Amino acid sequence: MEIYQLQVLRTDPSGMPLEWISYQEAAKLYYLELVAYTCGTQLYVLRGGTNAKTGRQSIIEVNSILATYGHHHGSCQVDAHYAPPLSNPALFKRDNHICLYCGMRFYARDLSRDHIRPISLGGTDTWNNVVTACKRCNNHKAGRSPEQAGMQLLAIPFTPTHAEYIYLQGRRILTDQMEFLRAHFPRKSPLHHR
Ligand SMILES: [Zn+2]
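This write-up is about the structure you can find in this document. Worth saying up front: this structure is predicted, and the values here are computed from it rather than measured.

## What to know about the pairing of strand β5 (residues 111-115)
Right, so step 1: Of all five residues in β5, four are buried, a share of seventy percent or more.
Right, so step 2: Sheet analysis places β5 next to strand β6 (residues 130-134), joined by five bridges and oriented antiparallel. Looking at the pairing, His-115 lines up with Val-130 of β6.

## Quick look at the coordination of the zinc ion
Right, so step 1: Protein-derived coordination of the zinc ion comes from Cys-99 (SG), Cys-102 (SG), Cys-134 (SG) and Cys-137 (SG), at a distance range of 2.3 to 2.4 Å.
Right, so step 2: Relative to the metal, the four donor atoms surrounding the zinc ion lie at angles of 98 to 119°, and the coordination shape comes out tetrahedral.
Right, so step 3: Donor residues for the zinc ion sit on one chain with the sequence pattern C-x2-C-x31-C-x2-C.
Right, so step 4: Among the residues examined, Cys-102 registers a relative accessible area of 36% and is labelled partly exposed.

## Re the nonpolar core
Right, so step 1: In terms of nonpolar packing, the biggest core is built from 21 residues, with Leu-9, Trp-127, Tyr-167, Leu-168, Leu-181, Phe-185 and Leu-191 touching the most fellow members.
Right, so step 2: Every element with two or more residues in this core is listed here: α2 (88-94), α5 (162-169) and α6 (175-182).
Right, so step 3: Each of domain 1 (3-78 + 170-193) and domain 2 (88-149) contributes no fewer than three residues to this core.
Right, so step 4: Other than its neighbours up to four places away in sequence, Trp-127 contacts Pro-84, Pro-85, Leu-86, Ala-90, Leu-91, Arg-94, Pro-157, Phe-158, Thr-159, Pro-160, Tyr-165 and Leu-168.
Right, so step 5: Counting residues in each nonpolar core, the second largest holds 13 residues, with Val-8, Tyr-44, Val-62 and Leu-66 among its members.

Here is what the cut-offs are and how they apply
Residues numbered from 1 in each chain as written. Predicted model: local features only at pLDDT ≥ 70, side-chain atom pairs only at ≥ 80, totals over all residues. Heavy atoms only, no water. Buried < 20%, exposed > 50% of the residue type's maximum accessible area, 1.4 Å probe, protein only. Helix = DSSP H or I, 4+ residues; strand = E, 2+ residues; numbered from the N terminus. Pairing = 2+ DSSP bridges. Donors = N, O, S within 2.8 Å, 3.2 Å for Na, K, Ca; no water. Tetrahedral: all angles 85-135°; square planar, octahedral: opposite > 155°, others 65-115°. Core = buried A, V, L, I, M, F, W, Y, C linked by side-chain atoms within 4.5 Å. Domains from an automatic or database assignment. Contact = heavy atoms within 4.5 Å.

Shown next as structure tokens:
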């Protein structure tokens, strides 16, 4: 019985990060011979069936980073207009669980998605118009813009690139995976300092 599962970082053959996969999905990619090469550390050793001819048991060693051929579930990241899906967990992680109005750190349950320019005033539900706010600050701001409410934003919101979004989606990111992702972040990404 395992308590948690380590995630495998899947990349394309050029090393561009694509998505997180489970070790079962990784094993399938090995089986389908779609693994181009591996990096990082060994996470799992899987024992398969016994080969009828050789009498040997097949063994698959799953590493933390897999460069693969073939299709993936992630969206195409080469499109300049690419924006990853917006979700509260990813948004809160982008802002490091800090309310961008009062600057305090909170648990996710005490945070909310604030629309800088409220929807009622024509604001959109997009990465560049949303920030993490504690419920108190969000209630105080209500249906107003920061200027109208006399509140100042502590950081500028940004739309994550695909590599940044993969970081935001990660649950337990290993050091080697983090180094790999960081190498693909934009140079000025605030996520470098995490
Ligand atoms: Zn706050």
